[in-house]
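Topology and contacts: notes
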Amino acid sequence: MSRRIDPRRPKELTEAQSASIRQEEEIQELRGRRDELFQRIRHQFTFIYRAEGHAIYDQYEEAKRAVDRKIKARERELMKQIQKEYDAIAPVQDMRAQLEGDVELLSLILPASGPDEFAFVERSRIAKAFFDPPSTRGPEGDVDCRVSIVDDMVSLCIRQEGVFRKARRIRRIQGRKSHPRDADTECTSNAVKSESTSESDFPGPHLFPARCKPYQCLYCLGDANLPLEERLHNLGSKYSLQRHFDRRHPFPPGEPCPFPHSVCSAVTLNSVMHFKNHAAKVHGIYMSDKV
């Protein structure tokens, strides 16, 4: 009984024991106080809910809680007392049952008879090897037995590793299915792959270099009505750039890149992700991952 809990040990009170607690004098007094307040509320307000906000209603609720607390406390005390008495008596009863051969009393704590069953035959052979050591088989038998035990252990490891890899593969496939890429993103990636990031693709003199500062706004660079200082302004971080973009430049899909050059003006931006990828790959401007 040292390695498992006795299934015969009481775990909850019987109905008779619970009823006996409610008949105790102290609990009866608390219940009488609660019932008295209940009758006063019914006489004065007819319904309980109409007394909400009055002092008598608070007194009634406190009386209800006091009854519940007392009953639960007494149930815990009685349960501990019963379990303590059982712990003191059970060993003596078990020894007496063993001496008298009372199988019915011991059936709940005796282990089930019969051979142990293993999920894999390798486990059964390894378990058998513990009780049949190789030294009893002779020199040749020792080697064969040890080799077979090692083979069985390797086989079990392969089984476990295979299950682990299969589980990882299933989770990876499920993750791909739960986050499918929409058509706009696929079109965006295909369009961005065809774009070049070299300066040679921007022939002829132009006002701004193709590779901008990391947090400049392409829309501000392309706005000729803004002062030059404001057009060249570099924000503090990609999050500041994202907020600036959300507040001042709502993205219009299907329009060309706002960067002031004929090469960029020929690029049609189909989505926000297309615009962000174009800004990162061509102009070196990285915005937040927020879509």
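As named in an unreviewed UniProt entry, the chain is C2H2-type domain-containing protein, taken from Letharia columbiana.

Focus on unusual backbone geometry
Note on backbone geometry: most residues besides glycine have negative phi, and most peptide bonds are trans. Phi angles above zero are rare outside glycine, and Thr46 is one such case at about 75 degrees. Mapping Thr46 onto the fold places it in the loop between α2 (25-45) and α3 (55-100).

Quick notes on the packing of aromatic side chains
Following the criterion strictly, the structure yields five aromatic pairs and no others. Ring geometry for Tyr219 against Phe245: centres 6.0 Å apart, planes inclined by 50 degrees, an arrangement best described as tilted. Taken together, the residues span a long stretch of sequence, with Tyr219 in helix α8 (residues 218-221) and Phe245 in helix α10 (residues 238-248) at a distance of 26 residues. Exposure remark for Tyr219: the relative accessible area of 17% places this residue in the buried category. Ring pairs connect the aromatic residues Tyr219, Phe245 and Phe275, which therefore count as one cluster.

A word on the packing of helix α1 (residues 15-22) against α3
The geometry of a pair of packed helices is captured by two quantities: the angle between their axes and the separation between those axes. Where α1 contacts α3, the axes come no closer than 10 Å and their chain directions differ by 130 degrees. Taken as axis vectors, α1 and α3 run oblique relative to one another. Every pair of crossing elements has a handedness; the one defined by α1 and α3 is right-handed. Contact with α1, carried on its side by Gln17, Ser18, Ile21 and Arg22, involves Ile71, Arg74, Glu75, Leu78 and Ile82 of α3 and no other residues of that element.

Rules behind the numbers
- Residues numbered from 1 in each chain as written.
- Predicted model: local features only at pLDDT ≥ 70, side-chain atom pairs only at ≥ 80, totals over all residues.
- Heavy atoms only, no water.
- Helix = DSSP H or I, 4+ residues; strand = E, 2+ residues; numbered from the N terminus.
- Phe/Tyr/Trp six-rings, centres within 6.5 Å; stacked < 30°, edge-to-face > 60°.
- Buried < 20%, exposed > 50% of the residue type's maximum accessible area, 1.4 Å probe, protein only.
- Axes fitted to C-alpha atoms, helices over the stretch in contact; angles between N-to-C directions.
- Parallel < 35°, antiparallel > 145°, perpendicular 65-115°, else oblique.
- Left-handed = near helix turned anticlockwise from the far one by under 90°.
- Contact = heavy atoms within 4.5 Å.

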